[in-house]
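Understanding the architecture of this molecule
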Amino acid sequence: MTYTPVDYNTYDFANRRHIGPSPEEMAEMLRVVGTASLETLMDETIPASIQQKTPLGWSGLAEHELLAKMREVAAKNKVMTSLIGQGYYGTVTPPAIQRNILENPAWYTAYTPYQPEIAQGRLEALLNYQTMVSDLTGLPVANASLLDEATAAAEAMTMAGRSAKSKARGFFVDRNCHPQTIAVIKTRAQPLGIEVIVDDPAVMEADKVFGGIFQYPGTYGHVTDYTDQIAALHAAKAIAIVATDLLALTMIKEPGAMGADIAVGSSQRFGVPMGYGGPHAAFMSCTDALKRSMPGRIVGVSIDSRGNTAYRLALQTREQHIRREKATSNVCTAQALLAVMASFYAVFHGPKGLRAIAERVHFATVRLARALKAAGAKVSPDAVFDTITVEVGVGQAGILAAARQEGLNFRKIGNDRVGISLDETSDERVLISVLRAFGIEGVPPHRAELGFPDAMLRQSDYLTHPVFHMNRAESEMMRYMRRLSDRDLALDRAMIPLGSCTMKLNAAAEMMPITWPEFGSLHPFVPADQALGYKEAIDDLSAKLCEITGYDAMSMQPNSGAQGEYAGLLTIAAYHRANGGEQRNICLIPTSAHGTNPASAQMAGMKVVVVKSAPNGDVDLDDFRDKAAAAGDKLAACMITYPSTHGVFEETVREVCKITHDFGGQVYIDGANMNALVGLVKPGKIGGDVSHLNLHKTFAIPHGGGGPGMGPIGVGAHLAPYLPGHPEVGGKEGPVSATPYGSASILLISWAYCLMMGGEGLTQATRVAILNANYIAARLNGAYPILFMGNKGRVAHECILDTRVFADAGVTVDDIAKRLIDNGFHAPTMSWPVSGTLMVEPTESETKAEIDRFITALLAIRAEIQSVQDGDISAEDSPLRHAPHTVNDLVAEWDRKYSREAACFPPGAFRVDKYWPPVGRVDNVHGDRNLICTCPPLSDYEDAAE
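A few points on the structure.

Let's talk about the environment of Ala637
With respect to the helices, strands and loops of the structure, Ala637 is situated in strand E19 (residues 635–641). Between the C-alpha atoms of Ala637 and Asp689, which are 52 residues apart in sequence, the distance is 9.7 Å. In contact with Ala637, not counting residues within four places along its chain, are Ile572, Ile586, Cys587, Leu588 and Gln666.

Quick look at the pattern of salt bridges
Any two side chains of opposite charge can pair, on the condition that their charged atoms come close. Per the counting criterion, the structure on display carries 43 salt bridges. Arg269 is the partner of Asp245 in a salt bridge, and the nearest nitrogen-oxygen pair spans 2.9 Å. Separated by 24 residues along the polypeptide, Asp245 in strand E6 (residues 239–245) and Arg269 in the loop between strand E7 (262–266) and strand E8 (282–286) bring together distant segments of the chain. Here Asp245 and Arg269 have matching classes, each one buried. Across the pair Arg306 and Asp889 runs a salt bridge, and its minimum N-O distance is 2.6 Å. Of this pair, Arg306 sits in the loop between strand E9 (298–303) and strand E10 (309–314) while Asp889 sits in helix H28 (residues 887–891); the two residues are 583 residues apart in sequence, bridging distant segments of the chain. With a relative accessible area of 40%, Arg306 lands in the partly exposed category.

Observations regarding helix H22 (residues 621–631)
By the burial criterion, the buried members of H22 are Leu621, Asp623, Phe624, Ala628 and Ala631. Each buried residue of H22 lies within a common arc of 160° when the element is viewed along its axis, so the set occupies one face. Those residues of H22 that are exposed and aimed more than 90 degrees away from the buried face are Asp622, Asp626 and Ala630. Tucked into the core, H22 has its buried residues touching strand E17 (586–590), strand E18 (607–611), E19 and helix H23 (653–662). Of the residues flanking the start of H22, the one acting as N-cap is Asp620, its side-chain oxygen 3.2 Å from the backbone nitrogen of Asp622. Downstream of H22 by one or two residues, Gly632 has phi in the positive range, about 55°.

So, unusual backbone geometry
The linkage connecting Gly278 with the following residue, Pro279, adopts the cis geometry, with an omega of 10°. Relative to the helices and strands, Pro279 resides in the loop between E7 and E8. You will see that Leu463, though not glycine, has its phi angle at about 50°, which is positive. Mapped onto the elements of the fold, Leu463 is located in the loop between helix H15 (428–437) and helix H16 (474–486). Judged by relative accessible area, which is 0%, Leu463 ranks as buried.

Remarks on the environment of Val715
As for its position among the elements, Val715 is in strand E22 (residues 713–715). For the pair Val715 and Leu408, spaced 307 residues apart in sequence, the C-alpha separation works out to 38 Å. Look past the residues within four positions of Val715 in its chain and what remains in contact with it is Tyr551, Asp552, Ala553, Thr571, Asp689, Val690, Ala720 and Leu723.

Brief notes about helix H9 (residues 179–189)
With respect to burial, H9 is a largely interior element, nine of its eleven residues being buried. Regarding H9, the residues found buried are Gln180, Thr181, Ile182, Ala183, Val184, Ile185, Thr187, Arg188 and Ala189. Packing partners of the buried residues in H9 comprise helix H8 (149–163), strand E3 (170–174), strand E4 (195–199), strand E5 (209–216), helix H20 (561–578) and helix H21 (596–603).

Examining the side chain of Asp488
Turning to its location among the elements, Asp488 is positioned in the loop between H16 and helix H17 (508–511). On the accessibility criterion, Asp488 (2% relative accessible area) is buried. Every residue in contact with Asp488, bar those within four places of it in the chain, is listed here: Ile118, Ala119, Gln120, Gly121, Arg122, Arg493 and Tyr915.

Here we look at the packing of helix H25 (residues 813–822) against helix H26 (residues 848–869)
Remark: H25 packs on H26, axes separated minimally by 10 Å, with the N-to-C direction vectors making an angle of 130°. Judged by the angle between their axes, H25 and H26 are oblique. The element H25 and its partner H26 pack so that their crossing is right-handed. Contact residues: H25 offers Ile816, Arg819 and Leu820, while H26 offers Phe854, Ala857, Leu858, Ile861, Glu864 and Ile865.

Points about the nonpolar core
Among the nonpolar cores identified, the biggest contains 228 residues, and Met132, Phe344, Phe410, Ile420, Phe438 and Ile548 are the most heavily contacted of them. Examining the composition of this core, we find that 22 residues originate from one element, helix H24 (residues 744–780), more than from any other.

Notes on the packing of helix H4 (residues 63–74) against H24
Remark: H4 packs on H24, axes separated minimally by 10 Å, with the N-to-C direction vectors making an angle of 135°. With respect to H24, the axis of H4 lies oblique. Note on packing geometry: the crossing formed by H4 with H24 is right-handed. Two secondary-structure elements touch here, H4 through Glu63, Leu66, Lys69, Met70 and Val73 and H24 through Leu748, Trp751, Ala752, Leu755 and Met756. Looking at the contact of H4 with H24 residue by residue, the classes come out as eight nonpolar, no polar and two charged.

Remarks on the packing of aromatic side chains
Applying the stated criterion to the full structure yields 21 aromatic pairs. Pairing Phe214 with Tyr226 gives two aromatic rings, centres 4.8 Å apart and planes at 15°, and the pair type is stacked. Of the two residues, Phe214 sits in strand E5 while Tyr226 sits in the loop between E5 and helix H10 (227–235), which places them twelve residues apart along the sequence. As far as burial versus exposure is concerned, Phe214 and Tyr226 are alike and both buried. Measuring from centroid to centroid gives 5.7 Å for Tyr642 and Phe649, while their planes differ by 75°, and the two rings are edge-to-face. Under the relative-accessibility criterion, Tyr642 is labelled buried at 2%. Overall, Phe649 belongs to the buried group, its relative accessible area being 4%. Here a set of aromatic residues connected by ring pairs shows up, and it is made of Tyr276, Trp516, Phe519, Tyr534 and Tyr741. The ring of Tyr89 carries the charged tip of Arg269 above its face, separated from the ring centre by 3.7 Å.

Rules and cut-offs
Residues numbered from 1 in each chain as written. Predicted model: local features only at pLDDT ≥ 70, side-chain atom pairs only at ≥ 80, totals over all residues. Heavy atoms only, no water. Helix = DSSP H or I, 4+ residues; strand = E, 2+ residues; numbered from the N terminus. Contact = heavy atoms within 4.5 Å. Salt bridge = Lys/Arg side-chain N within 4 Å of Asp/Glu carboxyl O. Buried < 20%, exposed > 50% of the residue type's maximum accessible area, 1.4 Å probe, protein only. Arc of directions from axis to C-beta. Polar contact = N/O pair within 3.5 Å; in protein donor to acceptor, adjacent residues only side chain to side chain. Axes fitted to C-alpha atoms, helices over the stretch in contact; angles between N-to-C directions. Parallel < 35°, antiparallel > 145°, perpendicular 65-115°, else oblique. Left-handed = near helix turned anticlockwise from the far one by under 90°. Core = buried A, V, L, I, M, F, W, Y, C linked by side-chain atoms within 4.5 Å. Nonpolar A, V, L, I, M, F, W, Y, C, P; charged D, E, K, R; others polar. Phe/Tyr/Trp six-rings, centres within 6.5 Å; stacked < 30°, edge-to-face > 60°. Lys NZ or Arg CZ within 6 Å of the ring centre and 35° of its normal.

Right, here's the structure in full:
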């Protein structure tokens with residue numbers, strides 16, 4: 001007998017682990033779709049004129065091979081003790097938080113909490129974060145995080161511009177702000193016509209500015225009371241901003257006590273690894289009067305359908321998807337996962353624990369300064385928290401070299417000073433090593449003496465809410481984290497079929513390396529020879545993304561998709577300026593464009609001209625041509641999304657690009673839908689000049705409940721000289737974020753994804769994403785109208801279900817979305833890009849069984865709608881209107897016109913592993929009318945329980 005070995009590659013990551021449907025399931029799905037093969041389906045979906053001819057050219061690695069390679073690359077980074085400061089510090093991540101939050105898919109695979117009923121856990125954790133920030137800064141309202149400290153400062157500047165009564169166009173920046181903060185503020189100010197004045201706060205002329213920002217403590221260590229400067233700004237009807245440090249604020253006077261209007265900073269040192277620059281959660285807090293001008297997301301407290309306390313995102317009408325170019329900001333991705341980590345760090349340590357950490361850091365700094373002064377060194381400033389500056393004259397290079405011999409990195413300041421910032425990890429051995437670098441042996445004894453005046457000591461309480469006073473036994477902490485995660489529905493429980501948001505698998509092997517010390521412990525401004533592993537990873541990822549997109553160069557700096565849009569438009573504007581096109585300021589944007597596009601264009605100083613959509617959802621070519629001609633030599637750019645936001649490969653994309661180029665403009669192709677392009681279409685080869693890539697969508701970085709994200713931009717060779725620069729590494733243009741490579745540590749995830757998938761695997765993933773979407777469209781067509789299709793009846797990687805047709809029966813898109821929760825699903829994207837519709841994207845990672853379960857749920861919901869349409873039950877009395885159903889509903893007195901069984905166990909729902917939402921439908925109007933953005937007192941919960 002001849003033995004035939006199995007034809008099965010156990011280690012084929014792309015086809016056995018990442019891509020959901022098996023080959024047999026794909027064949028069955030193709031039969032339903034009505035086409036012969038995946039290749040034929042691609043030809044029916046994508047215009048032949050834009051399909052790439054050359055396959056992506058690298059082979060995939062198995063998971064164990066990938067991890068071995070990552071170890072090899074990690075070893076090329078040199079882990080030193082970095083005392084560089086400048087907003088980045090060593091910190092101790094409590095293992096309970098690392099294991100139960102950062103490394104837990106229940107937390108990192110969750111989506112932005114737009115469906116609050118299935119996001120109560122992370123909403124509570126983010127509310128804890130807001131409360132922590134509000135308490136420590138002494139300002140009543142905080143948001144749920146921003147991207148990094150530098151961009152938060154820039155956001156604060158534009159917020160001040162919107163809010164100040166002063167008519168001045170200047171903005172004052174304390175020269176003691178971190179250099180990267182000053183640089184990002186200048187970048188943001190330039191296209192908006194804001195004059196940035198960088199100087200000593202002592203000589204600030206308040207009547208010449210609409211606002212000012214002060215660093216507290218300063219970048220060189222100064223602890224200064226800015227009460228007088230803030231009062232002067234207020235007298236001139238200007239806004240006062242303080243960039244501050246949360247750990248320091250456990251000891252020193254808080255910004256609110258100085259009269260500040262806005263506080264910003266980073267929560268990185270609350271247990272979040274430096275990771276060569278990120279991701280870290282920035283924060284912003286403000287006075288009550290400014291809360292409706294604050295950018296970003298705000299978690300608020302409301303009630304559900306039974307009057308129980310429930311959390312939700314508040315004031316969402318400020319967001320860019322709704323207000324477009326009139327939005328307060330283009331902020332889309334926050335840093336929710338990192339904010340959750342920081343909030344748990346505060347819960348873990350409590351106010352006494354945080355104060356103890358701060359005191360240890362501060363007293364060590366005072367000891368160090370005392371020892372250096374005793375040896376004759378010139379140490380400044382006089383009032384410090386954790387940072388000192390030492391004058392070393394011509395010996396600077398020798399001191400820096402001696403420090404490196406001790407395994408330390410000091411900060412190089414000018415040509416004659418070094419900066420030293422201590423942190424939570426600085427112990428006695430570090431102090432001894434620092435002094436040895438200066439030729440000093442030993443260290444003076446510990447004394448609990450303050451390194452700043454008594455008048456600067458904090459007088460107010462903070463973190464008084466009971467959540468910060470829990471029993472900190474690990475058993476209790478672990479259970480609290482588990483309770484919160486159990487309230488949520490994330491990708492580890494069920495498919496999240498969000499159109500345009502691409503909630504695909506975040507494989508464990510891709511995630512593991514980011515917590516290795518060789519990647520996690522690097523300061524973003526270490527000498528280049530200490531980050532050779534990062535350089536190899538980033539260079540190779542850049543090369544692969546260039547091959548995928550057809551562009552010539554990449555900038556890895558933007559740390560969100562919206563930041564990428566903004567960076568891309570700034571690159572275009574810089575190119576026009578360099579080529580005599582200063583007048584080019586018009587940006588053509590179709591009505592179907594991503595919501596962030598108009599806001600980004602406005603931020604880049606461009607005037608938005610809206611282009612109509614044709615009845616089939618395509619860009620109206622005649623209207624586009626007319627508006628391009630009308631703009632003439634003022635045309636700067638057009639912004640299009642491809643495939644379109646309507647989920648279709650438009651046949652006219654090359655024509656749109658040609659028209660734009662004919663009038664001297666540049667083409668920005670939004671990369672939000674790259675999951676339908678990778679391996680099949682290169683945007684840089686079909687007329688695009690620049691695209692951003694949402695790495696947290698197409699390239700497998702997890703959403704983390706609303707961030708982290710990365711949005712690098714690819715550009716043609718002619719635009720490469722105008723990519724964002726950075727003061728730490730040079731570059732012609734200004735930076736858009738705080739570090740040269742944005743949230744560098746999570747670039748490793750996308751690199752690992754590309755390495756394991758290989759070029760062929762990435763291409764197959766795109767094909768299957770398109771197959772899954774067409775399978776859903778084929779199965780649901782007839783039950784729900786499919787709003788847009790290509791001319792051969794195909795959709796791209798997503799499809800829009802038109803639920804407006806049920807409005808006459810009183811059934812809303814909200815009813816369908818909430819009823820899906822009873823089935824154990826997150827709703828598709830609701831009412832975008834077309835109001836009253838559902839946009840479905842299944843991704844290639846979903847198995848046929850899970851997709852069929854989703855289809856079963858939607859068909860069952862359609863049957864319930866039919867019962868309403870037939871008059872068997874009113875919409876008000878139906879399970880649709882009462883959804884989602886909770887355990888409280890199940891056990892309460894039942895007087896509804898449908899059964900408990902129908903309510904809680906509809907078709908598609910699991911019976912054994914049933915997901916129970918913790919609250920009923922949340923009252924949005926109540927939440928906005930009664931805005932509460934910090935932890936409510938426990939009595940609120942007791943009242944609700946009664």
